[in-house]
Each structure stands twice: as C-alpha cells, then as structure tokens.
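# Understanding the architecture of this molecule
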Amino acid sequence: MTTRILIADDQEDIRSGFRLILDSQPDMNVVGEAADGETAVALARELRPDVVLADIRMPRLDGLEVTRLLAPRTRVVVVTTFDLDEYVHTALRNGACGFLLKRSGPALLIEGVRAAMAGDTLISPQITVRLLSRLTQAGPVAARPAAHPLTEREVDIVQLVARGLTNAEIGAELFISAGTAKTHIANVQAKLGARNRVGIAAWAWEHGIAKAEADTP
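Residues numbered from 1 in each chain as written. Predicted model: local features only at pLDDT ≥ 70, side-chain atom pairs only at ≥ 80, totals over all residues. Heavy atoms only, no water.

### As for the sheet that holds strand E3 (residues 51–54)
- The sheet built from 6 strands is open, its strands ordered E2-E1-E3-E4-E5-E6 with parallel pairing. Each edge of the open sheet carries a strand with a single partner, namely strand E2 (28–34) and strand E6 (122–123).
- In this sheet, E6 lies alongside strand E5 (residues 98–101) in parallel orientation, the contact comprising 2 bridges. Residue Phe99 lies in a different strand from E6, and its bridge partner there is Ile123.
- On the sheet, helix H1 (residues 12–23) packs against strand E1 (3–8), E2, E3 and strand E4 (75–80) and is oriented at approximately 165° with respect to E2. (Pairing = 2+ DSSP bridges. Helix = DSSP H or I, 4+ residues; strand = E, 2+ residues; numbered from the N terminus. Contact = heavy atoms within 4.5 Å. Axes fitted to C-alpha atoms, helices over the stretch in contact; angles between N-to-C directions.)

So, in structure tokens, the structure goes:
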C-alpha cells in the first residue's frame, strides 16, 4: 500500500524538500501541501491522507491546533525546528503520532512516517532524553499511585515507550518479539485510556515511571 501524505509548513523550500524525500520512497506519495494551518485542516478533511506532517509555527492555525483538530482520526507527525518542552507536551496531549526535529535529517523523517503507519510513534531521541533528564533534575513529580492497573511486564514496556523506543527495539531490549511488544502496548493503552503510545509516555512522565527507569543504573 502507498502511504498518502499531506505536508503543512509555511516555508515553500521545506515543503519542496520534504516532497522530494518522501516521493522518492516507493511506498509514499505526497498528495497535498498547505502553507497555513487552516488550509492544512481543510485539505486533510478533503484528501483524507494517511499522515499529515505539520510544522508548529504556521499562520492562521498553528501545528498544535491542527493536531488537536485532526487526531486521532488522522495520523499527525509534528516536524519542527522548535523543540520547546511546552510544544512537545502539547503536541503529545493533542494526539500527535510523533515529534521530529527538522535537523534530524531525511532518514528520520521517512522512519517517522513509517512508524506512524505501523502504529508506532517516533520522537527525536534528543527530545526524549532531554525531557527525562529535566524531569529528574526538577525534583518530585506526581507521586506514583499506590496501585495502578499495569503488570510488572507492562511497567517495563511503559518505561521503554517513554524512552521513545520502537516495537522492534522494545522487543530486543526485553527479549520478546516485536509483535508481542505491540500486543503489550495495546493492552497498556486500553488500561490507561491513552490515545496512543505518546499518551503512554506522558502518563509515565507524570507518574514517575519514566523517572524511575532513568534512575536505574
């Protein structure tokens, strides 16, 4: 199957560059471009792309609002120059299927689209590491509940999701198959009522699960 992609960015050169990268892939096709958020939402509803790549700072509607309006029915991957913590958290809360930095390069862009289509979520590794590091330095976070619905194995899964690992990487870390990792993640998502795996990561950060993992030698 060919993945149909809509690119939303107010810079024409960025849109052209992304189109060249993505259209070079045999399983990807850019079906539309938008220079502002309102146009992006309208085109997404008209063209029904599989994935929308949305910049943060755009005229009329920013990428965060575009994400809120389109997700989870449409997979939205935020691709931006700006990696401020508040942007990352808001994008994830609004249902983004990934958060990538433009400087990360073509390979990560392609991987982010494929991850979204596979039900995975790709977050630029430097963002995940920084967020976890700052949570650790910030002192106490919300206390972990005395009882939560997760099994010990599911907690292991949550910790790795919070690090931004893919299903394959989680499988390798825990000596299970990628398919088994995906099943665990689906079970965790249902138990926590998370919209997607980035919602799982947000839960981990808020409840000290990710912090606990980061502190483990």
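### Brief notes about the confidence of the model for the protein
- Chain-level pLDDT for the protein is 84 on average; 85% of the residues reach the 70-or-more range.
- Taken together, the stretch residues 212–217 has pLDDT below 50 and engages in 5 contacts with residues farther than four places along the chain or on a different chain. (pLDDT = per-residue confidence, 0-100.)

### Considering the packing of aromatic side chains
- For the coordinates displayed, the defined rule picks out 0 aromatic pairs.
- The positively charged end of Arg57 is found above the aromatic ring belonging to Phe82, 3.7 Å away from the centroid. (Phe/Tyr/Trp six-rings, centres within 6.5 Å; stacked < 30°, edge-to-face > 60°. Lys NZ or Arg CZ within 6 Å of the ring centre and 35° of its normal.)

### Concerning the pattern of salt bridges
- Taken as a whole and assessed by the stated rule, the structure comprises 11 salt bridges.
- Of the charged contacts in the structure, one is a salt bridge between Arg19 and Asp23, with a shortest N-O distance of 3.6 Å. On the criterion of helical spacing, the pair formed by Arg19 and Asp23 is a turn pair, its members being 4 residues apart in helix H1.
- The salt bridge involving Arg60 is made with Asp36; its shortest N-O contact spans 3.4 Å. Residue Arg60 is located in the loop between E3 and helix H3 (63–70), and its partner Asp36 is located in the loop between E2 and helix H2 (37–47); the two are separated by 24 residues in the primary sequence.
- The class for Arg60 is exposed, based on a relative accessible area of 57%. (Salt bridge = Lys/Arg side-chain N within 4 Å of Asp/Glu carboxyl O. Buried < 20%, exposed > 50% of the residue type's maximum accessible area, 1.4 Å probe, protein only.)

### Notes on the pairing of E1
- Counting buried positions along E1 yields 5 of 6 residues, so the element is predominantly enclosed.
- Examined bridge by bridge, E1 and E2 share 6 bridges and lie parallel to one another. Paired with Leu6 across the strands is Gly32, a residue of E2.

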